[in-house]
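Analysis of the macromolecular model
What follows is each chain in one-letter form.
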Amino acid sequence: MADEIQGYLDRKLVENLDRREFLQMGLTVAGAAAFVACGGSPTSGPSGPTGPEFKLGVVLPYSGVYAELGNSITNGMRMYFDSVGNQAGNRKITMITADEQVQLADAVAATKKVVEQDGVDMVAGYVSSPNAAGNRNYLDGQKIPTLVANAGVNSLSRAAKSPFIYRTSFSNWQPAHPVGTYVAEKLGKKRIQLVYAKYGAGLESVASFKETFTAAGGTIVGPDVATPFPNNGDQTPFVQAIQIDKIDGIYSFMSGTDAVTFLKKAYELGTLTRLALVSGAGFFVEQDVLAAITDAAPAGAITGLHWALTLPNKENQDFISKYSKKFSGRQADVFAVQGFDTARVIVEALNGVKGNTDNKDAFMKAIAGVSFKSPRGDFKFDANTNNVVQTIYIRKTVKDPKLGWTNQVIDQYPGVADPGK
Amino acid sequence: MARSEPATPDRLAVDRLTAGYGASVAVRQVTLRVGPGEAVALLGRNGAGKSTTLMAIAGALRPMAGSVQIDGQAVAGLPSYRVARSGVSLVPQGRRIFATLSVRENLTLASGSGNLAEIYSLFPALGVRSAAAGSALSGGEQQMLAIGRALMARPRLLLLDEPSEGLAPQVVRVLGDLIARLRHKMGLAILIAEQNLALAFEVADRIYVMERGEVVHEAPASAFRDDHALQKRYLGV
Amino acid sequence: MIRGRFRAAWRPGLLAILTLALASVPMWAPRFWIYIATQALIFAIFAMSLDFLLGYAGLPSFGHAAFYGVGAYACALLALRQVDGLIPLLVVGAAAGALIAAPIGALSLRTTGIYFLMLTLAFGQMLWGLAVNWTSLTRGTDGLIGIPRPTLAGLDALNISLYERGPFFFLCLVVAILTFLLLEMLARSPFGKTLEGIRDNERRMRALGYPSFRYRLAAFVIAGSIAGIAGSLAAMSNGYATPDLLYWTVSGLALVAVVVGGARSLIGPVLGAFAVLFGQLGLSTYVPRWELILGTLFIAFVLFVPRGLVGLVRRA
Amino acid sequence: MTEVRVSVAGVTVRFGAVAALSRVDIDVPAGERRAVIGPNGAGKTTLLNVIAGELRPTEGLVHLGEQDATPLPAWRRARLGLGRTFQRSTLFDQLSVAENVTLAVRARLHGGWRFWPARERAVNTEVEGRLEAGGIAHLARRRAAGLGHGERRILEIELALAAVPSALLIDEPMAGLSGAERRLTLERLQALPEDVTVVIVEHDLDAVFALAQRISVLDHGVKIADGTPAEVRANPRVQEVYLGAI
Amino acid sequence: MFLLAAGLSIIFGLMNVLNLAHGSFYMVGAYIAYSVVVATKSFWLALVVAPVLLAVVGAALELVFFRRVYGRGHLAQVLLTFGFTLVFVDLIRSQFGPTTRSIPPPSGLEGAVQVLGATFSAYSLFVLAVATVVGALLLVGWRSLRVGAVLRAGVEDKEMAGLLGINLPRVFTLTFAFGAGLAGLAGVIAAPEFAIYPGMDANVLILALVVVVLGGLGSIEGALLGAALVGLGYVIGTSLFPQFAIGLIFALMAAVLVVRPSGLLGRRM
């Protein structure tokens, strides 16, 4: 089995230069996994770490609709681990990836595989919220230190909080929350219609927006435009359901393919140009969407997110250029940042406990105490929610002469923490 | 060609043909021949294997053993369209008109070089109804259409499977005349499977009798017509 | 003494080997593989119920996941309301499956062949849509999570919990064996033979005086209730019920398992379920390009193993 | 077993523009052996399908005994005691010969729902007896799909007989049979109990005259004669369209 | 949608092959369109290239694979073609990555148009026009060309068609190629309208199957009618229950099949 995998990967490596970086990582990972499975012990260089190997189970989607997110997060992690020589606390760090895919059943199998088959010390990953939530009880029950690197479902910071699960990405509540205030107070737009993909993340995001927006005197104009998730059909009727004449703008939560088809259709129908304001959670116009729709992009859209490609701080500029160099010209995205920060939390916590992860409470405490300057700004955990506390940036979609369509930071709300209930 | 005689080969020569459906053998070791311009009738009861024999000759069934030659050219085992292109046309049992196609489409479907006007002159009724759907024709018209369709390929050998089935006696008589005319006018060789003895005798020069998948008797049509004892024995009439 | 004798004697042997092999799994297999084997067993129960429909009654249902999913939801809803007890949870799954299968069957059975396939698919997808949209009951795409496993009175005393993987595996094994025996008995019973008669020649059966529709409907409901039991087990095993369980791909995967294993054998689907699940989970957790490999395997399978895994054994 | 009269009154069946049967009246009193003859395509099989309930007549009524059976589905009519054979053998191809007959025997017991060991034993015994009587005991374990033509025809009839019908429709039982098989089949049919009503469609006139008490003649969907064998033989119209065609 | 269904219907009805890979042809068509547009900026070139390429692929697959499973029943075909869908989706992903792509509508068809007071995007109208034209052409060809007659004859009675000297294996190959080409065309046409991503195949396949079954197998008219009904059902469905328009379509199909078990214009099979 090991040889076959190795052989397969070797072939693919030669065949496909575009994917070289990812596969190189896969190579070491799968190779190491196979090696361990065969009962060998990892060799380490003369100057390498001498402690036992630290195995990190990475459960992310590498196939299905979220595969791109999985790749970005993995790249970000890889980048940070490489930068510290793949070791921390005198332990060599090995990533063991497993395909989260789309459905919960597969994510559960992937989680169990890394925990039980590979005996990992820690798990990181989960793009989709149901998958993170669906694995929560298992990880909590098995006391597996876990970092959620994307899934934003609020409950993980609230009712379903676990002492063993921390989140490095965001809660759905976070990016939306300041947007409500900003739109109502700073922009003075008081009549907003909600447009969202009807699933957990969409509902939580608009609820969070509504909270601050109405508190600041705004009115939600009904009815909501709720698209099926995912929406594989025509977006026209949903675009046409936007009541341009009665509103000052929309707040929107969609991402990926849904955002692409929606924005394209809104552009073609002229709705975008006639809307005074497009606002939303940042995913609506993140770099992946903007790259796909190019000139159908909603110029001047106001969105909230915990990162932006154009953030001027040094950490970010550094990250972006190195990322692009390392992964053959790929542009960094918010998911890569989340992966990068996740890896950094792990390294710093490992250093903090000097590589001793046997005492799980101490290790978790070390994780909770990690804070640093991330490409997205100040990063720290909230003891109350086990969720990241971070700056939410208000961004404006513009066409940059150098970067093409992107989001420019126009305001920021530092230290946004999920309320925890 | 295996034959050493220089004489023109038979139009159709079937040698020890065995065929059937799935695992069950319906026709066993059938040997028969039809000369150029000859009309031969295949008699026998329901289930004797007449249709199977014709289908196997036409290539709709793959023979399990034996050979089929058309003008000395082996065709056994070829797909039906190749057999058809070598000059064999089958008018199948039940006619199998394409019900959703018009009369004209039914006729022009065959890949042969036949002439539509010629068919319409043979069967004026078809000309009149050329735009009608196949399903709208009466039984007699359908039979005409089936024969006309077969003739469109300008065959050298015409296989007719129970053409009289379901037709009124008058129509059967017309059919008999028609087949006789076709034969003489176009120089067709004909192999006809029939239960209607009157039609068979009117058309055929020779007859073969089949029973339980085998050819059990061969005779000139005239001899068999007069031998009622034989008829009774083989056909139960 | 006449029934079923023309089938070769390979069956009992294969069965015994399979049972022993499965029963020994918790003793030697790593924990993860016990989990996979448990999933495969549950899937095998589901596939067997489909084989009963497909192989014996000749009904290619493409919406069978509906009953599986409904069973899972029924079990989940009950368990989340603090109903504890294995039997009630399994029974509610079976009942839910049967209850849904009855009207769907009554309507779908008006058609045959590919139309039946599409109609069952349609009903399956409608139920899936219901599971997604009836958020007050099902919590939509997030699904019901945190479903407890039942405690067993007798076992509790022995300090055995179904939360342990071994005991739960054995539970599934027992249910699978019971399912197999039940379906096997049904298949060999007059009822099963009647179904086969209807499959082969409905016209004849009607001429003999069999109300073919009722038999088919009965088969459909039985298969639905067993799928519901499989769904219950799945809900207990995973601790969640999501709309994914009802999605047509699950029905498709079960059909694949039946075809890969060999229809009309009841053992075939079990082998098929293991092959498909190990193929999918095994490949996807180890190899990046697993879909390509799995697809190629399917293609090769159709071309080179036309009669299913059981066909291989039969020939040997 | 109750005696069942079979009658059709004014039955017309149209397929599109073609009338397969036009206003056919045939009344077969209980216990009578009736043959229906006519050239190919005369509508004989259509008539049987109408009686059996596979085809709804465009017009007309079907009675079984005193009951109007016109609206009943085929299986209901079967439960009134009506059995039939098919022109083209329609067996249960995937099942063994014994299983085929078993299904027919059980049909009489109204159901394959229940499973009683005692009854199963009785069924099995009966099946064995029937296979023996039909001369196909040696085929018991063979799959029906693998049978030869003659064997299929015989099994076809055994299936109908196994249901012990009080009225039996038989469609061309002799087609394609060898002499020995014909004799056997004829004996099986002649051995039917006196009170069984029989409607038989057959081309083999020897068999028809050996079996039938009365004969109805169809031509182009129209009944052109009805009478004793002697009457029918003497009927000039019948001679013209059918016998006289020779 | 109609184009796809027509291709599927021809393949399905005539050849009695249940081809799940049909959606993959559509997806590949869209990706070819993407590649061609990125390389040459010409949508119109893609419109020609993709169907041709896919017809070739379809013919090759028919010759090498599908030919062997005729007569093996639908389930073997389902498994085989399901295998192909997995292979195609993975090949596409390895070539193009999992990201969503899109291409702009060809120049001249951007923007919106007012028709009868309602706003439509120009490209949507173009799609409608293409579908109508191709549908009309198909219908005309189906009804009045010899090829159409040959296909209909093949649907009705394969054996008889063979007896008339029609080379059915070749007709099958060409039919399959044509069906695949239509799917490719549908892919190209859909590319600017919808997003291009691995997985777009499965979404459209189910709908196409519904269209085919709704209309009745093996009938171009049926596919046309089915497509119209599904389209209409979808629009009505979106306005009634925006969350579950697809459910309405399935309900529609179920209702039709319950009343007419062979589809609206289908024959009994």
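Here the structure is shown first, and the text comes after it.
Now for a description of the structure that goes with this document. In this text, all values refer to a predicted model and were calculated from it rather than measured experimentally.

Thresholds, definitions, all that
- Residues numbered from 1 in each chain as written.
- Chains lettered and ligands numbered in written order.
- Predicted model: local features only at pLDDT ≥ 70, side-chain atom pairs only at ≥ 80, totals over all residues.
- Heavy atoms only, no water.
- Helix = DSSP H or I, 4+ residues; strand = E, 2+ residues; numbered from the N terminus.
- Rg over C-alpha atoms; globule rule 2.2 N^0.38 Å.
- Buried < 20%, exposed > 50% of the residue type's maximum accessible area, 1.4 Å probe, protein only.
- Contact = heavy atoms within 4.5 Å.
- Areas by Shrake-Rupley, 256 points an atom, 1.4 Å probe, with all protein chains shown as cover.
- Salt bridge = Lys/Arg side-chain N within 4 Å of Asp/Glu carboxyl O.
- Polar contact = N/O pair within 3.5 Å; in protein donor to acceptor, adjacent residues only side chain to side chain.
- Nonpolar A, V, L, I, M, F, W, Y, C, P; charged D, E, K, R; others polar.
- Pairing = 2+ DSSP bridges.
- Axes fitted to C-alpha atoms, helices over the stretch in contact; angles between N-to-C directions.
- Core = buried A, V, L, I, M, F, W, Y, C linked by side-chain atoms within 4.5 Å.
- Domains from an automatic or database assignment.
- Phe/Tyr/Trp six-rings, centres within 6.5 Å; stacked < 30°, edge-to-face > 60°.
- Lys NZ or Arg CZ within 6 Å of the ring centre and 35° of its normal.
- Buried area = accessible area lost by both parts, 1.4 Å probe.

When helices and strands are counted, chain B shows 10 helices and 10 strands. Computed over the C-alpha atoms, the radius of gyration of chain B is 17 Å, within 12% of the 18 Å expected from 2.2 N^0.38 for a compact globule of 237 residues. Dimensions of chain B, computed from the C-alpha atoms along their principal axes, are close to 45 × 40 × 40 Å. Residues classed as buried in chain B amount to 57% of the 237 residues present. Partitioning the contacts of chain B with sequence separation of at least 6, the portion at a separation of at least 24 is 69%. A total accessible area of about 9,200 Å² is found for chain B, and carbon and sulfur atoms account for 50% of it.

Every contact between the two is made by 39 residues of chain D and, on the other side, 29 residues of chain C. At the junction of chain D with chain C, the criterion picks out 3 salt bridges. C:Arg203 is the partner of D:Glu54 in a salt bridge, and the nearest nitrogen-oxygen pair spans 2.4 Å. Seen at the junction of chain D and chain C, the total is 10 residue pairs in polar contact (both at pLDDT 80 or more). Secondary structure elements with two or more residues in the side of chain D that touches chain C: helix 2 (74-79), strand 6 (82-84), helix 3 (97-108), helix 4 (117-133) and helix 5 (149-162) of chain D. Considering every element that reaches the side of chain D that touches chain C, the biggest residue donor is helix 3 of chain D, with 6 residues. When grouped by side-chain class, the residues that make up the side of chain D that touches chain C number 19 nonpolar, 7 polar and 13 charged.

On to the sheet that holds strand 10 (residues 214-220) of chain B, then. All names here are of chain B. Judged by pairing direction, the sheet is mixed, and its 6 strands sit side by side in the order 6-7-8-3-9-10 without closing on themselves. Either end of the sheet is taken by a strand with one partner, and the two such strands are strand 6 (88-91) and strand 10. Taking the axes of each pair of neighbouring strands and ignoring which way they run, one obtains an average angle of 15 degrees across the sheet. Pairing geometry for strand 6 and strand 7 (residues 157-161), over 4 bridges, is parallel. Note on strand 7: the bridge partner recorded for Val91 is Leu160. On top of the sheet, helix 1 (residues 50-58) reaches strand 3 (39-43), strand 6, strand 7, strand 8 (189-194) and strand 9 (206-211); it is set at about 150 degrees to strand 7, its chief contact. Running over the sheet, helix 6 (residues 139-151) touches strand 6 and strand 7 and is turned about 170 degrees from strand 6.

Bringing the nonpolar core into the picture now. If you look at the biggest cluster of nonpolar residues, it comprises 434 residues, and the most contacted ones within it are A:Leu56, A:Ile367 and B:Leu12. Summarising the domain contributions, this core has at least three residues from each of domain 1 (54-170 + 312-386) and domain 2 (173-305 + 394-416) of chain A. Apart from the residues lying within four places of it in its own chain, the contact partners of A:Ile367 are A:Met122, A:Leu147, A:Tyr166, A:Val345, A:Ala349 and A:Phe381. Core analysis: the next-biggest nonpolar cluster, separate from the first, contains 26 residues, D:Val28, D:Ala42, D:Ala167 and D:Val199 among them.

With that out of the way, let us pick up the pairing of strand 4 (residues 59-64) of chain D. Residues and elements named next belong to chain D. Taken together, the 5 bridges between strand 1 (residues 6-15) and strand 4 define a ladder with antiparallel strand orientation. When the sheet's bridge partners are listed, Val6 is paired in strand 4 with Leu64. Where strand 4 and strand 5 (residues 67-68) come together, 2 bridges link them in antiparallel fashion. In the sheet register, His63 faces strand 5, and the bridge partner there is Asp68.

All right, on to the packing of aromatic side chains then. Under the definition given, this model contains 44 aromatic pairs over all chains. For the ring pair A:Phe54 and A:Phe363, a centre distance of 6.3 Å and an interplane angle of 65 degrees mean the geometry is edge-to-face. Here A:Phe54 is found in strand 1 (residues 54-60), whereas its partner A:Phe363 is found in helix 14 (residues 360-369), with 309 residues between them in sequence. A:Phe54 gets classed as buried once you look at its relative accessible area, which sits at 0%. Note on E:Phe65 and E:Phe84: the rings are 5.0 Å apart at their centroids and 70 degrees apart in plane angle, and the pair reads as edge-to-face. One end of the pair, E:Phe65, is in the loop between helix 3 (43-64) and helix 4 (73-96); the other, E:Phe84, is in helix 4, and 19 residues separate them in sequence. The class of E:Phe84 is buried, set by a relative accessible area of 6%. In this structure an aromatic cluster arises from ring pairing among A:Phe170, A:Tyr199, A:Phe229, A:Phe253, A:Phe283 and A:Phe335. Looking at A:Lys112, its charged tip hangs above the ring of A:Tyr138, at a distance of 5.1 Å from the centre. We note D:Arg84 situated over the ring of D:Phe86; from NZ or CZ to the ring centre the distance is 4.2 Å.

Time to look at the side chain of D:Ser7. Residue and element names in this part refer to chain D. Looking at where Ser7 falls in the secondary structure, it is placed in strand 1. Under the relative-accessibility criterion, Ser7 is labelled buried at 6%. Ignoring anything within four residues of it in the chain, the contact list for Ser7 reads Ile26, Asp27, Leu61, Val62 and His63.

Pairing is antiparallel across the open sheet formed by 4 strands, whose spatial order is 2-1-4-5 (chain D). Single-partner strands in this sheet number two, and they are strand 2 (18-28) and strand 5 of chain D.

Further remarks concern the interface of chain E and chain B. Opposite the 19 residues of chain E that make contact, chain B presents 21 residues. For the pair chain E and chain B, the two sides together bury roughly 1,900 Å², of which 56% comes from carbon and sulfur. Where chain E packs against chain B, one counts 2 salt bridges. The salt bridge partner of B:Arg96 is E:Asp157, with a shortest N-O separation of 2.8 Å. Here chain E and chain B share 6 residue pairs in polar contact (both at pLDDT 80 or more) between them. Taken together, the elements giving at least two residues each to the side of chain E that touches chain B come down to helix 6 (146-156), helix 7 (158-163) and helix 8 (168-190) of chain E.

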